[in-house]
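Below, each chain spelled out in residue letters.
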2 protein chains.
Amino acid sequence: MKICAYKDIELREVSDDGADKVSIRQVITKADGAPNFTMRVFDVQPGGHTPHHQHDWEHEVFILDGTAAIETEEGTKAAPAGSVVFVPSNELHQFRNETDEVMRFICLIPNQD
Amino acid sequence: MKICAYKDIELREVSDDGADKVSIRQVITKADGAPNFTMRVFDVQPGGHTPHHQHDWEHEVFILDGTAAIETEEGTKAAPAGSVVFVPSNELHQFRNETDEVMRFICLIPNQD
């Protein structure tokens, strides 16, 4: 059984096109033996954002700290800490931090072959 | 896209054998269109615990509030808020609350057919 503090896992900058001021921790992955899905924790600094994009896999998200401004196909929605977000496959989305404090969220994806 | 506060989702008592003072919110499920895995949020009251059991699916866990005392096959481990836990399939486990405040955790499982 793996038990550790998420903060003890290496924080790496996300360099994907369209990402700005975003870092990621890969907290539970195939390398831990997870067969089906992967847990990541993202830090988004003030003014930062994930890519505005879509893809053929889903996201299951829990907002841990701060408030996310989520770009959806129906406009921007505020999601404060304690929000859960389900992004279906192929739906356009972006997580922005329009506040002065770090915004942090858990995001799970299915494992890809 | 589903966006809501986890606290707005119905809290139900867990009546499984071996569970005591445990409640669950099913926050992202097949009913939301989630094809691969399900997110639940558990509240464990002081003195409460989940069943001490094992099963053929894995858990991916994030401790949100309080401190979990986790029964593992190598003894009891303390997991404070901010801990991540991976419970492999078929490994014995139990989440106990030995403190005076609520212990709350996210737990994801693969969808079952």
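Located above this text is the structure these notes cover.
**Student:** Could you clarify how one ought to interpret the pattern of salt bridges in this entry?
**Tutor:** Side chains that carry opposite charge are capable of pairing whenever their charged atoms lie near each other. All names here are of chain A. Under the definition given, this model contains twelve salt bridges over all chains. In this structure, D32 engages K2 in a salt bridge whose closest nitrogen and oxygen atoms are separated by 3.1 Å. Within this pair, whereas D32 is found in the loop between β3 (20-28) and β4 (37-49), its partner K2 is found in strand β1 (residues 2-5), the two being separated by 30 residues in sequence. By relative accessible area, D32 is classed as partly exposed at 28%. The partly exposed category is assigned to K2, whose relative accessible area is 23%. Salt bridges sharing common partners tie together R25, D43, D65 and R104.

**Student:** Would you explain the relation of the copies chain A and chain B in this entry?
**Tutor:** Once turned by 180 degrees and shifted 0.0 Å along the axis, chain A lies on chain B with an RMSD of 0.0 Å. Taken together, the rotation angle and the small translation identify this as a two-fold axis. Interface residue correspondence from chain A to chain B reaches 100%, placing this contact among same-surface, isologous pairings.

**Student:** Which parts of the structure should I look at to understand the environment of K77(A)?
**Tutor:** One can find K77(A) in strand β7 (residues 75-80). The contacts of K77(A), once residues within four sequence positions are left out, are A68(A), A69(A), I70(A), T72(A) and I3(B).

**Student:** When you look at the interface of chain A and chain B in this model, what are you seeing that I'm missing?
**Tutor:** The figure often quoted for interface size is the accessible area lost as the parts come together. Counting residues at the interface gives 42 residues for chain A, matched by 42 residues for chain B. Across the chain A/chain B interface, buried area totals approximately 3200 Å², and carbon plus sulfur atoms make up 72% of it. For chain A, the biggest contributors to the area lost against chain B are M1(A), F37(A) and F86(A); these three give 25% of the whole. Across the chain A-chain B interface, the total number found is zero salt bridges. Where chain A meets chain B, there are ten residue pairs in polar contact (both at pLDDT 80 or more). Mapped onto the side of chain A that touches chain B, the elements with two or more residues apiece are β1, β3, β4, β5 (59-65), β6 (67-72), β7, β8 (83-87) and β10 (103-110) of chain A. The dominant element in the side of chain A that touches chain B, judged by the number of residues it contributes, is β8(A), at five residues. Of the residues assigned to the side of chain A that touches chain B, the class counts are 28 nonpolar, seven polar and seven charged. Bridge count between β8(A) and strand β1 (residues 2-5) of chain B: four bridges; the pairing is antiparallel.

**Student:** Would you explain the pairing of strand β5 (residues 59-65) of chain B in this entry?
**Tutor:** Every regular strand shows the same layout, with side chains that alternate between the two sheet faces. Residues and elements named next belong to chain B. Burial analysis of β5 places six of its seven residues in the buried class, the great majority of the element. As defined by bridge partners, β5 adjoins strand β8 (residues 83-87) across four bridges and the pair is classed as antiparallel. In the sheet register, H59 faces β8, and the bridge partner there is V87. Inspection of the sheet shows β5 paired to strand β10 (residues 103-110) by five bridges, in the antiparallel sense. Bridge pairing in β10 places F62 opposite I106.

Basis of the calculations
- All residue numbers refer to positions counted from 1 along the written sequence of the respective chain.
- Here every chain gets a letter starting at A, and every ligand a number starting at 1, in the order they are written.
- A pLDDT threshold of at least 70 governs which residues receive local features in this predicted model, and a stricter bar of 80 or more applies before side-chain atom pairs are shown or counted, although totals over entire chains, interfaces and linings include all residues.
- In computing side-chain properties, one takes all heavy atoms of the structure into account and sets aside hydrogens as well as water.
- By definition here, a salt bridge exists when the distance from a side-chain nitrogen of Lys or Arg to a carboxyl oxygen of Asp or Glu is within 4 Å.
- Working definition: helices are DSSP H or I runs of at least four residues, strands are E runs of at least two. Numbering for both runs from the N terminus.
- Each residue's exposure class comes from its accessible area (1.4 Å probe, protein chains only) as a fraction of the maximum for that residue type: buried when under 20%, exposed when over 50%, partly exposed otherwise.
- Our superposition of the copies is a least-squares fit, built on the C-alpha atoms of residues whose pLDDT is at least 70 in both.
- A contact between two residues is defined here by any heavy atoms of the two lying within 4.5 Å.
- Buried surface area refers to the total accessible area, computed with a probe of radius 1.4 Å, that the two partners give up upon joining, counted for both partners together.
- We call two N or O atoms a polar contact when they sit within 3.5 Å, provided that within protein one can donate a hydrogen and the other can accept it, with sequence-adjacent residues counted only if both atoms are side-chain atoms.
- Gly is placed with the polar residues, together with every amino acid not listed as nonpolar (Ala, Val, Leu, Ile, Met, Phe, Trp, Tyr, Cys and Pro) or charged (Asp, Glu, Lys and Arg).
- DSSP calls a pair of strands paired once it identifies at least 2 bridges connecting them.

Taken by themselves, the reported measurements are silent on function.
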